[in-house]
Amino acid sequence: MIKLPDSIKDRFPIVNRVAYANSCSQGALSVDVRAAYQRYLSDWDEKGAPWELWVQHAEAVRGRFARVLNAAPEEVAVTTSVSAGVSSLVSGLRFPEGRNKIVISDFEFPTIGQITHAQELVGRKVHHVAAAPDVTIPLERLAEEIDEETGLVAITYVSFRTGSKIDVAEVIRLAHDAGALILVDAFQAVGAIPIDVRALGADFVTGGALKYLLGSSGLGFLYCRQDLLADIVPTQTGWFADEDIFKMDIYDYSPSPTARRFESGTPPIPNIYAGVAGMDLMHEIGIAETERHVGRLTALLVEGLDRIGAKMVTPRDPAKRGPMIAVATTDEHAMVGALHEDGILTSPRDGNIRLSFHCYNSEDDIARIVDGLERHSHLLAR
Ligand SMILES: Cc1ncc(COP(=O)(O)O)c(C=O)c1O
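Residues numbered from 1 in each chain as written. Predicted model: local features only at pLDDT ≥ 70, side-chain atom pairs only at ≥ 80, totals over all residues. Heavy atoms only, no water.

**Some details on the nonpolar core**
What counts here: By nonpolar core is meant a set of buried Ala, Val, Leu, Ile, Met, Phe, Trp, Tyr and Cys residues that side-chain atoms within 4.5 Å join together. Per-residue accessibility, obtained with a 1.4 Å probe over protein chains only, is compared with the maximum for each type, and a residue is labelled buried under 20%, exposed over 50%, and partly exposed between these values. Numbering goes from the N terminus for both helices and strands, where a helix is a DSSP run of H or I of at least four residues and a strand is a run of E of at least two. Residues count as neighbours in contact if any of their non-hydrogen atoms are within 4.5 Å of one another.
Residues Phe12, Phe65, Leu142, Tyr157, Val184 and Tyr360 are the most contacted members of the largest nonpolar core, which totals 78 residues. In terms of residue count, the dominant contributor to this core is helix H8 (residues 269–285) (10 residues). Beyond its immediate chain neighbours, meaning those up to four positions away, Tyr157 contacts Ser164, Lys165, Ile166, Val168, Val184, Asp185, Ala186, Ala189, Ile193 and Ile195. Judged by nonpolar contacts, the second largest core, of 26 residues, contains Val294, Leu305, Ile308 and Val336.

Below you can see the structure in the form of C-alpha cells.
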C-alpha cells in the first residue's frame, strides 16, 4: 500500500509545484474537482436548464455531507455559507422563558460573532469567554458562563486564528448539563478530523466544503438534530426551504419537515458539482488516515520550529491542536509574501502566519517551510 501523500499527489497538480500550506483558507484543487466543474458546463451545454438533474445533485451533496458527519440526510441543510445556515437557524430558535443568554468564545469566526450579536436586537444577550494565555478557551470559564439563563452556546472546534482545538464533546456536555443548545462551527475541522455528530450528541453543526473537504467556495451545511427540527421555524427563508418546492405556492409558508427548512433560494449548483467530487475524493483518501498523517507532519514542524527558535502560537499539546499551526511574526504580510516568493503558500492572521496541512502535504514540505522561516528569520517574533 502506498502511503500518503504519494498515493494521491498526482490528483492535486498544485502540490507538485509549491509547498501548499494554506488549506485553512482553501483546499488544493484536485483533478477530480476540475473535472466536476467541466461536467457542470457540459450538462449545461447539452441539457439546457436541467432542473431535475440539479435537484438530484443538491440531494446528492446532502448525502455526502451526511456521510461526512454520520448524520441522516434529513438532518442536513445544504447552504451557500455558514452565515446563511446559521442566520436561518437563529431566526427560528425560540429561547425558553428566562434563557436569553448566548455564550460564545473569543475564537469564533466573525460570522458567528456578528450573527449572535444581531440577536441583541431581539432582546438576547451575548457573553464572551476569552482565551487564556496558553491560547485555549478554558473549559472552567465556559462552565462558569453556561448557566440556567443560557439558551445557546456557539463554539468553534478549531480556531481559524490560532489553530487551537477545543474538547468539543466536553463543551457539548457542559451545554446540555445546563439545559442549553449548542452550535459547533466545525469549518476548520471538517475533512481534517473525523466528526460523528451522533457520538458527540451535538445539536447543530456547521461548516463548508471549501477547506478540508476539497470543494470550492459557496457551499456549506447546517446539521440539525432530528428531534429539534419541528420546533425551529426560521423566519429567514426561501422557496427551497418549502415542504414542496415545485408547488410554487405564494399563499402560505410551510417549511420542509427536514433540515431543508434552513435552506434559501436556488442552490449553488456549480459548487455542488465540485463539493460532491471533493467529498468523494476525501472519502476515498480517508479523514482518519489524513488526521494521522497530518499529526505526524505537524509534530515534525514543531520540532523544526524549536530548532530555529520560532515561536509557535498554537498550543504545543497535540490534543489541543488540529491541522493548522500559527507562528508569531513581526510582520505577517511580509512573511507570507517572502515565503510565497520561495514557493510556499501560507496565510496571515493577527500578527501570525498560518501553516495548515492536509492529505497531500509531505515531509519535504515541512523541511522547505522550516528552511524558509529560517531564511526569513528577521521576520519571526521571538
Ligand atoms: C471557523 C470558520 N467559520 C466560518 C467560516 C466562513 O463562514 P462563511 O461560510 O459564512 O463565509 C470560516 C472561513 O474561513 C471559518 O474558518
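**Observations regarding the sheet that holds strand S4 (residues 125–129)**
Pairing between the strands of a sheet is mediated by backbone hydrogen bonds and can be parallel or antiparallel. Filter applied, for reference: DSSP bridges decide pairing: two strands pair if at least two such bridges lie between them. Note on geometry: axes are C-alpha line fits, over the in-contact stretch for helices, and angles between N-to-C directions span 0 to 180 degrees.
Across the sheet, which stays open at both edges, the 7 strands sit in the order S2-S8-S7-S6-S5-S3-S4 with mixed pairing between neighbours. On the outer flanks of this sheet lie strand S2 (76–79) and S4, each paired with one strand and no other. In this sheet, adjacent strand axes meet at a mean angle of 20° when their direction is disregarded. Examined bridge by bridge, strand S3 (residues 101–105) and S4 share 5 bridges and lie parallel to one another. If you follow Ile104 over to S4, its bridge partner there is His128.

**Some thoughts on the pairing of S3**
For the record, the criterion: Call a crossover right-handed when, viewed with both strands pointing away from you, the route from the first strand across the helix to the second goes clockwise.
Among the 5 residues in S3, 5 count as buried, and that is most of the element. Because side chains alternate across S3, one face comprises the buried residues Lys101, Val103 and Ser105, and the other comprises Ile102 and Ile104, equally buried. A crossover connection joins S3 to the parallel S4 through helix H4 (residues 110–118); in handedness this β-α-β unit is right-handed. Bridging between S3 and strand S5 (residues 150–156) involves 4 bridges; their strand directions are parallel. Bridging across to S5, Val103 finds its partner in Val153.

**Focus: unusual backbone geometry**
Residue Leu4 is joined to Pro5 through a cis peptide bond whose omega torsion reads 0°. Structurally, the position occupied by Pro5 is in the segment before strand S1 (19–20). We note that Val135 has phi near 60°; this positive angle belongs to a residue other than glycine. Turning to its location among the elements, Val135 is positioned in the loop between S4 and helix H5 (139–145). One non-glycine residue with positive phi stands out, namely Leu214, at about 70°. Within the secondary structure, Leu214 sits in the loop between strand S7 (204–208) and strand S8 (220–224).

**What to know about the packing of helix H9 (residues 287–308) against helix H11 (residues 363–375)**
Rules: Put simply, angles under 35 degrees are roughly parallel, angles over 145 are roughly antiparallel, angles from 65 to 115 are roughly perpendicular, and the rest are oblique. Here a crossing is taken to be left-handed if its near helix is turned anticlockwise relative to the far helix by less than a right angle, and right-handed if that turn runs clockwise. Gly is put with the polar residues, along with every residue not named as nonpolar or charged; the nonpolar set is Ala, Val, Leu, Ile, Met, Phe, Trp, Tyr, Cys and Pro, and the charged set is Asp, Glu, Lys and Arg.
Axis separation between H9 and H11 bottoms out at 10 Å; the angle between their running directions is 25°. For the element pair H9 / H11, the angle class is roughly parallel. When you trace H9 past H11, the crossing you get is right-handed. Of H11, the residues touching H9 (which contributes Leu297, Leu300, Leu301, Gly304, Leu305, Arg307 and Ile308) are Glu363, Ile366, Ile369, Val370, Leu373 and Glu374. The class makeup of the residues in the contact of H9 with H11 is 9 nonpolar, 1 polar and 3 charged.

**Re the side chain of Asn361**
Here is the rule: Here a polar contact is recorded for every N or O atom pair within 3.5 Å, except that within protein the pair must consist of a potential hydrogen donor and a potential acceptor, and residues adjacent in sequence are included only if both atoms are side-chain atoms.
Residue position: Asn361 is located in the loop between strand S12 (352–356) and H11. A residue is classified by how much of its surface remains accessible, and Asn361, at 0% relative accessible area, is buried. In terms of polar contacts, Asn361 uses its side chain to reach the side chain of Asp365, at 3.0 Å.

**Looking at a nonpolar patch on the surface**
Inclusion rule: Candidates for patches are residues over 30% relative accessible area with no salt bridge; among them, like charges are joined within 9 Å and nonpolar side chains (Val, Leu, Ile, Met, Phe, Trp, Tyr) within 5 Å. Per-residue accessibility takes into account occlusion by the displayed protein chains alone, with areas from the Shrake-Rupley method and a 1.4 Å probe. The term salt bridge refers to a pairing of a side-chain nitrogen on Lys or Arg with a carboxyl oxygen on Asp or Glu at a separation within 4 Å.
Side chains of Trp51, Trp239, Phe246 and Met248 sit close together on the surface and give an oily, nonpolar patch of about 420 Å² of accessible area. Among the secondary structure elements, Met248 is positioned in the loop between S8 and H8. Classification of Met248 by relative accessible area gives exposed; the value is 56%.

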